[in-house]
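Tertiary structure, described
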Amino acid sequence: MICEWCVGNKLTLTTQNVLNSTRIIDGCTRYKMESISFHKKSAAHLLAKQCHTANLCQEKTPATLPRQQLLKHHTNKLRLLFRNAHAVSKNKKSLADYQCLCDLDEVKGLTVGATYRNTKACGTFTKYIATAAQNQVADELTN
Ligand SMILES: [Zn+2]
């Protein structure tokens, strides 16, 4: 008799130092209810159960959800900043107008954040936008 969850997560259990006995992993020959009950309550099996659950639904693990929300929040902020930098360069405005557009977004209720709201960041964003546009045109010309 083996425990599939413990066998599948043997490396994790070993590195976490919770594996006191490998009897259930190597193959237990005793079929006593006490042995199964003892294993079911062991720290190793509980950790293996958590690993198994996390592998089944990785997007719903406690650590993944806040991370995804944080990434989405930063992506939305950067999207606004890049759009403002693009608007500045496309309309031939001064880089100083970038700050004004960011302030306007804040007034509209959009979260732009306190970082990357200066002319240097606008210049950097504009360079990246120009490089991406240049690569896109080059790809279209070669294909
Ligand atoms: Zn187990």
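Residues numbered from 1 in each chain as written. Predicted model: local features only at pLDDT ≥ 70, side-chain atom pairs only at ≥ 80, totals over all residues.

**A look at the overall build of the protein chain**
We count it as follows: What counts as a helix is a DSSP run of H or I of at least four residues, what counts as a strand is a run of E of at least two, and both are numbered from the N terminus. A radius of gyration in this sense is built from C-alpha atoms; the matching globule rule multiplies 2.2 Å by the number of residues raised to 0.38. Residues are scored as being in contact if the C-beta atoms we place from backbone atoms lie within 7 Å.
Across its full length, the protein chain carries eight helices and zero strands. Walking the protein chain from its N terminus toward its C terminus, one meets helices and strands in the order α-α-α-α-α-α-α-α. Here the C-alpha radius of gyration of the protein chain, 27 Å, is well above what a compact globule of 143 residues would show, namely 15 Å. Seen through its principal axes, the protein chain has C-alpha atoms that stretch 80 × 45 × 20 Å. For the protein chain, contacts bridging at least 24 residues in sequence account for 61% of all contacts bridging at least 6.

**Observations concerning the packing of helix α6 (residues 64-90) against helix α7 (residues 96-107)**
Quick note on the threshold: Inter-axis angles, ranging from 0 to 180 degrees, are taken between N-to-C directions of lines fitted to C-alpha atoms, where helices are fitted over the stretch in contact. Here roughly perpendicular refers to angles of 65 to 115 degrees, roughly parallel to angles under 35, roughly antiparallel to angles over 145, and oblique to all remaining angles. Helix crossings fall into two classes, left-handed where the near helix is turned counterclockwise from the far one by less than a right angle and right-handed where it is turned clockwise. Side-chain classes are defined by residue name, with Ala, Val, Leu, Ile, Met, Phe, Trp, Tyr, Cys and Pro counting as nonpolar, Asp, Glu, Lys and Arg as charged, and the others, Gly among them, as polar.
The N-to-C vectors of α6 and α7 enclose an angle of 135°; their axes lie 9 Å apart at closest approach. Our classification of the angle between α6 and α7 gives oblique. For α6 against α7, the interelement crossing comes out right-handed. Each of Leu 80, Asn 84, Ala 85, Ala 87 and Val 88 in α6 lies in contact with α7, whose residues at this interface are Asp 97, Tyr 98, Leu 101, Cys 102 and Asp 105. Looking at the contact of α6 with α7 residue by residue, the class counts come to seven nonpolar, one polar and two charged.

**Some details on the nonpolar core**
To keep it simple, the criterion reads: For this analysis, nonpolar core means a set of buried Ala, Val, Leu, Ile, Met, Phe, Trp, Tyr and Cys residues linked through C-beta atoms within 7 Å. To sort residues by burial, count the other C-beta atoms lying within 10 Å of each one's C-beta; a count of 20 or more means buried, 12 or fewer means exposed, and anything in between means partly exposed. C-beta atoms are built from the backbone.
In this structure, Leu 80, Leu 81, Ala 85, Val 88, Tyr 98, Cys 102, Val 112, Tyr 116, Cys 122 and Phe 125 together form the largest nonpolar core, which totals 10 residues. Listing elements by their share of this core, those giving two or more residues are α6, α7 and α8 (119-142). Here this core gets four residues from one element, more than from any other, and that element is α6. Core analysis: the next-biggest nonpolar cluster, separate from the first, contains nine residues, Trp 5, Cys 6, Leu 13 and Leu 19 among them.

**Concerning the environment of Ser 89**
With respect to the helices and strands, the residue Ser 89 is situated in helix α6. In this structure the C-alpha to C-alpha distance between Ser 89 and His 45, which are 44 residues apart in sequence, comes to 59 Å. Dropping the residues within four chain positions of it, Ser 89 is found in contact with Thr 126 and Ile 129.

**With respect to the domain arrangement of the protein chain**
Defined as follows: As used throughout, domain bounds are those supplied by an automatic or database domain assignment.
Each assigned domain of the protein chain is listed with its residue range as follows: domain 1 (4-56) and domain 2 (64-142). Summarising the inter-unit geometry, the C-alpha centres of domain 1 and domain 2 are found 50 Å apart.

**Here's the deal with helix α5 (residues 43-56)**
Residues three or four positions apart in an α-helix share a direction because the helix packs 3.6 residues into each turn. Worth spelling out the cut-off: Expected helix span is taken as 1.5 Å per residue step, with the number of steps being one fewer than the number of residues. Think of it as the arc spanned by the lines of direction from the helix axis to the C-beta atoms.
With 14 residues, α5 extends 20 Å from end C-alpha to end C-alpha; this agrees with the ideal 20 Å at 1.5 Å per step. Of all the residues in α5, the buried ones are Ala 44, His 45 and Ala 48. Looking down the long axis of α5, one finds its buried residues gathered within 90° of arc, a one-sided arrangement. Looking at the buried residues of α5, the elements they touch are α1 (4-8), α2 (10-15) and α4 (33-40).

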